[in-house]
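Results of the structural survey
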Amino acid sequence: MLFTSESVTEGHPDKICDQISDTILDALLTQDPKSRVAAEVVVNTGLVLITGEITSQAHVNYVELARQKIAEIGYTQSENGFAAHSCSVIVAIDEQSPDIAQGVNQALEAREGQTEDEILESIGAGDQGIMFGYACNETPELMPMPIALSHRIARRLSHCRKSGQLPYLRPDGKTQVTVIYENGIPVGIDTILVSTQHTPEIDGIGDNNKVQARIRQDVWEQVVEPIFTDLSVRPNDRTRFLVNPTGKFVIGGPQGDSGLTGRKIIVDTYGGYARHGGGAFSGKDPTKVDRSAAYACRYVAKNIVKAGLAQKCELQVSYAIGVARPTSLTIETFGTGKLADEQLLNLVKAEFDLRPAAIIKNFGLCDLPSKRNGRFYQDIAAYGHLGRTDLDLPWEQTDRATGLSSF
């Protein structure tokens, strides 16, 4: 079986939007951890539109936040058709609907004498919906190999650009990896695809064929090869390696395509290898279970796999707006569990608190930006929210695995 997943770099138009949305979220939560945020961003040639619903006591400059993030990503030259300090930034923001907010707001006003558990029980989910979490033992990060490799290549591509190692690279880029499976186990790499924006010339050479040959060699040696050092599955002489298949990639970013917050939800999670509830992450404060519950489900699944209770684990949870306890909880180990799925489900119910307020409290989701110098969510808005080994994420910890292994 062949399975393929893709990733995109931080300069991809959709990812620009995700990062601006989460930069806004970071700024608001840093000043006011009770901020309610649903920030959406659209980009196109020379244009940024910030919209959505925000209720907060914080005072931030949305225009300046957007320009700072765009510059950090690497869009600083107008010849790209999109530059931090010359693009137009339009802000059109409303407050959150009181009908949506009331299920959480009323409960947050804890009455004197309530126990902590009574308070957690009274704070309902910010919306209805379904979320999934997944983990497997295919990679050290306990992620499916296709998406793990795609993210590694995308991160490495950005590193080589920003460090000056490959100075001709521009911010936009996409990666894609096809893995060969036998009996559900990855055994080889069928195809590696890298599309990377670049300058028209490299070291004064303008001939496109020579430019593409140089990019292909550099990307293989400096981007692709280094990411396989800790894996037994590696490319071989039968692996197809494709770089800029159209022949060149000079026009990119918002000049080449529009972008929108939340349009890369499969890139953000498991690359299509596991199911997805449909809700995006970026721009949403932690009371939105689309985000917080998906993180919690990943945490549960990862600890189960790390404990050796299953080789693969997928968890689904659902919520009703204004109701604290999940309306359903389902677990699937695809025949790899050391316990029956029903037993694992009972274990999860006994060991993990999946009420929204408990998730926020246990992971510190509203306080993380202020505790990390005003930036947290913007740093996970590109290269995946899950399986990150380069960041200290609370839902990626396996601190419960030892206790679970006793079962």
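Before reading further, recall that the structure is shown in the block above.
Here we summarise the structure given alongside this text. Since we're looking at a predicted model, the values are computed, not measured.

**Quick word on the pattern of salt bridges**
- Within this structure, the stated rule accounts for 24 salt bridges.
- A salt bridge links D190 to R240; the nearest nitrogen and oxygen atoms lie 3.7 Å apart. On the criterion of sequence distance, the pair formed by D190 in strand β7 (residues 185–198) and R240 in strand β8 (residues 240–243) is long-range, its members being 50 residues apart.
- Between R298 and E396 there is a salt bridge, with the nearest N and O atoms lying 2.9 Å from each other. With R298 in helix α9 (residues 289–306) and E396 in the loop between α12 (368–371) and α13 (401–405), this residue pair connects regions lying 98 residues apart in the sequence.
- Each of the salt bridges in this network shares a partner with another, and the network as a whole consists of K69, E72, R375 and D379.

**Quick look at the sheet that holds strand β6 (residues 169–182)**
- As summarised here, the arrangement of the 4 strands in space is β1-β6-β7-β8, forming an open sheet in which the pairing is mixed. Every interior strand has two partners, whereas the edge strands, β1 (2–8) and β8, have only one. Across this sheet, the average inter-strand angle for adjacent strands is 15 degrees, counted without regard to direction.
- Both β6 and β7 contribute to a ladder of 11 bridges, which runs antiparallel. Among the inter-strand pairings, V177 is bridged to a residue of β7, identified as I192.
- Sitting on the sheet, helix α6 (residues 208–224) touches β7 and β8, and the angle it makes with β7 is about 130 degrees.

**Structural notes on the packing of helix α1 (residues 13–31) against helix α2 (residues 62–73)**
- Contact geometry of α1 with α2 gives a least axis separation of 9 Å together with a crossing angle of 130 degrees. One element, α1, and the other, α2, form an angle in the oblique class. Considering how the two elements wind past one another, α1 and α2 form a crossing that is right-handed. Of the residues in α2, those in contact with I16, Q19, I20, T23, I24, A27 and L28 of α1 are Y62, L65, A66, K69, I70 and I73.
- Looking at the contact of α1 with α2 residue by residue, the classes come out as 10 nonpolar, 2 polar and 1 charged.

**Overview of the side chain of E138**
- The topology assignment puts E138 in the loop between β5 (129–136) and α5 (145–162).
- A polar contact is formed between the side chain of E138 and the backbone nitrogen of M145, at a distance of 2.9 Å.

**Quick look at the nonpolar core**
- Counting 106 residues, the largest nonpolar core has I24, V48, I70, L149, I304, Y319 and W395 as the members making the most contacts within it.
- Per element, the largest residue contribution to this core is 11 residues, and it comes from α9.

**Some remarks on the side chain of K69**
- Its location among the elements puts K69 in helix α2.
- The residues touching K69, leaving out its near neighbours within four places in the chain, are Q19, I20, T23, R375 and Q378.

**Here we look at the packing of aromatic side chains**
- This structure, assessed with the given rule, holds 14 aromatic pairs.
- Ring plane angle 10 degrees and centroid distance 3.8 Å describe the contact between Y295 and W395, whose orientation is recorded as stacked. Highlighted residues: Y295 in helix α9 and W395 in the loop between α12 and α13, separated in sequence by 100 residues.
- For the ring pair Y299 and F363, a centre distance of 5.3 Å and an interplane angle of 85 degrees mean the geometry is edge-to-face. Remark: F363 occurs in helix α11 (residues 356–363) and Y299 occurs in helix α9; sequence separation between them is 64 residues. Accessibility assignment for this pair places Y299 and F363 in one class, buried.

**Describing the environment of L309**
- Assignment of secondary structure puts L309 in the loop between α9 and β10 (312–319).
- Classification of L309 as buried rests on a relative accessible area of 4%.
- Sequence spacing of L309 and E6 is 303 residues, and the spatial spacing of their C-alpha atoms is 29 Å.
- If near-sequence neighbours (up to four positions away) are discounted, L309 is found in contact with I304, T336, G337, K338, L339, L344, L347, L404 and F407.

**Observations concerning the environment of S292**
- Within the element layout of this structure, S292 appears in helix α9.
- S292 sits in the buried class, given a relative accessible area of 0%.
- With near-sequence residues (within four places) excluded, S292 lies in contact with P286, I359 and L365.
- Polar contacts involving the side chain of S292 include one to the main-chain carbonyl oxygen of P286, which spans 2.9 Å.

**Some remarks on the pairing of β10**
- Burial analysis of β10 places 8 of its 8 residues in the buried class, the great majority of the element.
- The side-chain alternation of β10 yields two buried faces, one formed by K312, E314, Q316 and S318 and the other by C313, L315, V317 and Y319.
- Of the strand pairs in this sheet, β5 and β10 are connected by 8 bridges, and their pairing is antiparallel. Across the sheet, residue A135 finds its bridge partner in β10, namely C313.
- The sheet contact formed by β10 and strand β11 (residues 328–332) spans 5 bridges and is antiparallel. Among the inter-strand pairings, Q316 is bridged to a residue of β11, identified as T330.

**A closer look at the sheet that holds β5**
- Taking strand neighbours across the sheet as the criterion, the 3 strands line up as β5-β10-β11 in an open arrangement whose pairing is antiparallel. The sheet is open, and its two borders are formed by β5 and β11, each paired with just one other strand. Geometrically, the sheet is characterised by an average inter-axis angle of 15 degrees between neighbouring strands, direction not taken into account.
- In the packing of α9 onto the sheet, contacts are made with β5, β10 and β11, and the angle to β5 comes to roughly 30 degrees.
- This element, helix α10 (residues 341–351), spans β10 and β11 of the sheet and lies at about 130 degrees to β11.

Rules used throughout
- Residues numbered from 1 in each chain as written.
- Predicted model: local features only at pLDDT ≥ 70, side-chain atom pairs only at ≥ 80, totals over all residues.
- Heavy atoms only, no water.
- Salt bridge = Lys/Arg side-chain N within 4 Å of Asp/Glu carboxyl O.
- Helix = DSSP H or I, 4+ residues; strand = E, 2+ residues; numbered from the N terminus.
- Pairing = 2+ DSSP bridges.
- Axes fitted to C-alpha atoms, helices over the stretch in contact; angles between N-to-C directions.
- Contact = heavy atoms within 4.5 Å.
- Parallel < 35°, antiparallel > 145°, perpendicular 65-115°, else oblique.
- Left-handed = near helix turned anticlockwise from the far one by under 90°.
- Nonpolar A, V, L, I, M, F, W, Y, C, P; charged D, E, K, R; others polar.
- Polar contact = N/O pair within 3.5 Å; in protein donor to acceptor, adjacent residues only side chain to side chain.
- Core = buried A, V, L, I, M, F, W, Y, C linked by side-chain atoms within 4.5 Å.
- Buried < 20%, exposed > 50% of the residue type's maximum accessible area, 1.4 Å probe, protein only.
- Phe/Tyr/Trp six-rings, centres within 6.5 Å; stacked < 30°, edge-to-face > 60°.

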